[in-house]
Amino acid sequence: MKFLIFMFFFALAFSGSLAQEISLKGKLVDAQTYKELSGAKVQIEESFFETLSAEDGTFILTGKDLPTGEHILKISLANYKLLRIPVIIEKAGIKDMGLILMQPVVTDYANQISTISLSDAELDEDEAYIENLSGLLQASRDVFLNAAAFDFSQTFFRPRGLDSEHGKVLINGVEMNKVYTGRPQWSAWGGLNDVQRNQVFSMGLSPSEVGFGGLAGTTNIIMRASKYAKGGKASIAAANRSYNGRFMASYGSGELKNGWAYAVSASRRFAKEAYVDGSLYDANGFFLSVEKTFNEKHSLNFTGFYTPNIRGKSSPNTEEVFELKGRKYNAYWGYQDGGIRNSRVREIKEPVLMLNHYWDVSEKISINNNFAFQFGKTGNSRIDFGGTKKVEINGQSGYVGGGTNPDPTYYQKLPSYYLRFKDNPNYEAAYLAQQEFKEHGQVDWQQLYNANKAAGYTLYALAEDRNDDLKFDLNSILSAKINEHIDLNGKLAFAYLNSHNFASIKDMLGGDTFLDVDFFAEGDRETSLENRAQSDLQNSNRSVTENEAYKYNFRLYANSAKAFGQLNFDYDRFDFYAATKASQTSYQRDGLFQNGNYPDNSLGKSEQLNFTDFGGKIGANYKITAKHLLGFNAAWFSKPPNLRNSFSNSRQNNEVVKGLKSEQIQNIDFSYRYRSPNIKARISAYYTQIKNATEISFYYADGLSGLGRNSTTAFVQEVLSGIDKQYIGLEMGLEAKITPAIKLKAAWALGQFTYNNNPNLYLTSDDFNEIVDYGTSYLKDYRIAGGPQRAAQIGFEYRDADYWFFATTANFFSHAFLDISPLTRTANFRNDSDGLPILNFDENIARDMLKQEQFKDYMLVNAIGGKSWLVKGKFIGFFVSLNNIFDKLYKTGGFEQSRNANYRTLKQDREREIPIFGPKYWYGTGASYFAMIYIRF
């Protein structure tokens, strides 16, 4: 009986303690004006307890199940810094946090609108290894990613070594990666920084609500009118990198009483000549988003943007050219009528229109339906010097003409060409060539006009390679809360592309018409020269004028259907997810010209290429305590080859890459995170394998064997297939708050990115009929080029309570490598023109010549600073960024020329005092600045 009485009172006391509610409360105010802040989201991290602050700024979290012990209180509100406050919740009673000050995001705004602009300098879609890191800028407070975006990006550092085709970029849930290359074309929405601040970034293959994602992460830019806070922004900036000046303005209405909301933005960026000589920049940006909320369940949003931009490209240069002209030299431009004119200009004019329907089916289910339409042109100009004239010789048709290569760095114009014979160097000609190049060394536009006039027909013309795309996207995204622990995400998407590819004449350079034949074509026993020279046998010897298609003309069609599903499980100390995807992709080429070199395989439609792909991923996080967290992600999936790498020579024929397959990708990563009021840290380890990749390159090669003809030279298409790549590394970020105003930060990346097998290589060319298969290219264990594979940073940041700040970092980089030539790692390197082994082949010399060049280590010092004021309810401020303060000279990338394709020709060139066909390099920007003043109202 005593025992029963004891148990009764114990149960009564225990049940009483369970019934007692626990509460946490406080009041939110603006740190500068002490205005009470309503509508802020207040939640206990790693739990489902959350609420919104009331009109007077107060909030309260209460309940019998409110978690006790050490936790993090997270408070978020538009236009204010995210606040994370450590708190100890007792087992009983009320915890009063008192007055909580929220800081406006003035200085963060300065960082974002400036640094995204600086990242624009890294944009050049022609270079496969140049990665834009704008998506990381909004990613998170992750210390390592901040270092990668703000400081490492200027050296073309790529997190985990991955090219941008492995990162997915979406706008309002619509994928923006180009089908042709797989890469996002950031310049298609460049200059709209103010309206890109609402971004959701998922690192690596961590869960994303809008899709399966990619190895390099997923960025969803939300351009929805109702998500922009009411108010405007305007800024003016000056810089000396990719552009000299920038104007930018935007305004958002917020949600109006009648259910409407709108946001607008416009910008202009410009430079007649930026850091690199002759690199013009002319870009404008226009944005409009309008949303109508019909009721609590339905809203409809329209978003449209148009960012026409023109950029003058810069040339990679050999060591010889660098020594004569310096790091800013650019071979692509020259003076015309006293002004700078660049021959290689990239022009992008691609408007994007979107319609987004948001449907809250219930409190637990929402559906987002999206339709997007993208159209317009991308053009890349170049000088065509193959103009000809048809003549009759002994009763047979022939062609005369063809100009000399106008490139001032063409090898026959440089001193090394006259010193190529060691036993008979022409020092006088070399000296004259050196003086001419040093004093001039630019494109001579007037000479091109004069040549056309003297010839009486068009020898030289400014041509443009065009891609006119028409793309539709349609998708539906589902978000559902199954119960308090399980969420479901799903997506169905369809995309269609019609891409018209052709060359046209932009400027006749004083000529009238251009004869559309290939001056470099050669006849054979089976086909006459006249036929082989035709770009289109349906219209032989056709003369074209400006803006007419010539040289090549075809369409590429692509469509894809994708399905994605994901379950997220979230518990107090453990959360995990599982996701799967499936897709069906098809490609087809439709030739509009019957090419004289490929009369039976160029006109009309190719076979349709179809790829069915699947994938899955899983991941988990375990919360050891509120401060310690362990996580991992693992994935296996396949992806179709990019459209660019599916046809071996799409400009001339319908030939499909032999043995083309989907890429197979495997990935696993582990991470440990530590977060306390004064220290934030993360260390991660990762391992990635990409198999069955394909790469296609175009170049002029000398020293080819097995061609079945007398010549050993040809302009070729190199197809490298069955490539396996391996990425292994560690990354670490650490931030320590020394005082309320001073932070120390450090970041470190250690990577090893290598070819993991010996792929197959073959060549095609209109100079020879057959496919020349050289078999294995011995690339295993060579490093994958593309920025430094190791980087480290140390720095500090000071933020004063009076809203001025200063930060500086020292950044160290190493293990950057030259891009190697796969052809010189094949059997062709050992063989003579007759296909037999080269006599006197020395293994040791060959091994030394084929050793991959590693660039020198270097350190860059950067600094930023700024100040802001609150004046009559408006924020006014300035921001200054200095990069590479000590003007360090360093190489950001480069490639071996494949001109010397065998042992004998390469050995001859390497033994010269100045190689004729040495590697070409890109050099990093020297000391540079970005300065801006802005106002928010």
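Going by the structure above, here's the rest.
What you see is a predicted model; the values in this text were computed from it and never measured.

The rules we used
Residues numbered from 1 in each chain as written. Predicted model: local features only at pLDDT ≥ 70, side-chain atom pairs only at ≥ 80, totals over all residues. Heavy atoms only, no water. Helix = DSSP H or I, 4+ residues; strand = E, 2+ residues; numbered from the N terminus. Rg over C-alpha atoms; globule rule 2.2 N^0.38 Å. Buried < 20%, exposed > 50% of the residue type's maximum accessible area, 1.4 Å probe, protein only. Contact = heavy atoms within 4.5 Å. Areas by Shrake-Rupley, 256 points an atom, 1.4 Å probe, with all protein chains shown as cover. 1 Å grid on protein atoms, 1.4 Å probe; cavity = no way out; pocket = protein on both sides within 12 Å on 5 of 7 lines; lining within 4 Å. Points joined across faces, edges and corners; volume = space filled by probe spheres on them. Core = buried A, V, L, I, M, F, W, Y, C linked by side-chain atoms within 4.5 Å. Salt bridge = Lys/Arg side-chain N within 4 Å of Asp/Glu carboxyl O. Pairing = 2+ DSSP bridges. Phe/Tyr/Trp six-rings, centres within 6.5 Å; stacked < 30°, edge-to-face > 60°. Lys NZ or Arg CZ within 6 Å of the ring centre and 35° of its normal. Polar contact = N/O pair within 3.5 Å; in protein donor to acceptor, adjacent residues only side chain to side chain.

A. Examining the overall build of the chain more closely. A count of helical and extended segments in the chain gives eleven helices and 47 strands. Relative to the globule expectation of 30 Å for 937 residues, the C-alpha radius of gyration of the chain, 31 Å, shows essentially globular dimensions. With respect to the principal axes defined by its C-alpha atoms, the chain has extents near 125 × 60 × 60 Å. With 937 residues in all, the chain has 54% of them scored as buried. For the chain, contacts bridging at least 24 residues in sequence account for 71% of all contacts bridging at least 6. Surface summary for the chain: the accessible area is close to 40,800 Å², and the carbon and sulfur share equals 55%.

B. Region of the structure containing empty space enclosed by the protein. Within the structure shown, the criterion is met by 14 cavities of 30 Å³ or more. Each pocket or cavity is described by its volume, and for the largest cavity that value is around 820 Å³. Considering the residues around the largest cavity, the lining is formed by 45 residues, among which Lys-168, Glu-175, Asn-177, Ser-560 and Lys-562 are closest to the centre. For the lining of the largest cavity, the elements supplying multiple residues, two or more each, are β8 (168-171), β9 (174-175), β26 (461-481), β27 (486-507), β30 (549-570), β31 (574-591) and β34 (628-639).

C. Highlighting the nonpolar core. Core analysis: the largest hydrophobic core is formed by 41 residues, its most contacted members being Leu-704, Val-716, Leu-763, Tyr-774 and Leu-823. Those elements that place two or more of their residues in this core are β34, β36 (679-702), β37 (713-737), β38 (742-755), β39 (760-765), β40 (768-776), α10 (843-849) and α11 (903-910).

D. View of the pattern of salt bridges. Taken as a whole and assessed by the stated rule, the structure comprises 44 salt bridges. Its salt-bridge partner being Arg-466, residue Asp-468 comes within 2.7 Å of it at the nearest N-O pair. For Arg-466, a relative accessible area of 15% puts it in the buried group. Asp-909 is paired through a salt bridge with Arg-912; the nearest N and O atoms lie 2.7 Å apart. A relative accessible area of 3% means that Asp-909 is categorised as buried. One network of salt bridges, in which partners are shared, links Glu-347, Lys-349, Lys-377, Glu-464, Arg-466, Asp-468 and Lys-506.

E. Representation of the sheet that holds strand β10 (residues 199-202) within the structure. A sheet is described by the order of its strands in space; here four strands give the open sequence β9-β8-β11-β10, paired in mixed fashion. Lying at the two open borders of the sheet, with one neighbouring strand each, are β9 and β10. As defined by bridge partners, β8 adjoins β9 across two bridges and the pair is classed as antiparallel. Considered in β9, the bridge of Ile-171 is made with Val-174.

F. Looking closely at the packing of aromatic side chains. Counted by the stated rule, this structure contains 38 aromatic pairs. Taken together, a centroid distance of 4.6 Å and an interplanar angle of 45 degrees make the contact between Phe-841 and Tyr-903 tilted. Linking Phe-841 in the loop between β42 (804-814) and α10 with Tyr-903 in helix α11, this pair joins segments that are 62 residues apart in sequence. The ring of Phe-437 has Lys-325 sitting right over it, with the charged end atom 5.7 Å from the ring centre. Note that Lys-617 overlies the ring of Phe-212, its terminal NZ or CZ placed 5.0 Å from the centroid.

G. Spotlight on the sheet that holds strand β18 (residues 317-318). Reading across the sheet, the three strands line up as β18-β46-β45 and stay open at both edges, with antiparallel pairing between neighbours. Edge positions in the open sheet fall to β18 and β45 (891-895), since each of these has one partner strand only. In terms of strand pairing, β45 meets strand β46 (residues 920-923) through four bridges, oriented antiparallel. By the bridge assignment for β46, Lys-891 is matched with Tyr-923.

H. Main features of the environment of Gln-534. Along the chain, Gln-534 turns up in the loop between α9 (529-532) and β29 (543-544). Between the C-alpha atom of Gln-534 and that of Pro-599, which follows or precedes it by 65 residues, the distance is 9.8 Å. Excluding anything up to four places from it in sequence, Gln-534 contacts Tyr-399, Asp-516, Val-517, Asn-539, Ser-540, Asn-541, Asn-595 and Gly-596. Within the structure, the side chain of Gln-534 is placed 3.1 Å from the side chain of Tyr-399, a separation counted as a polar contact.

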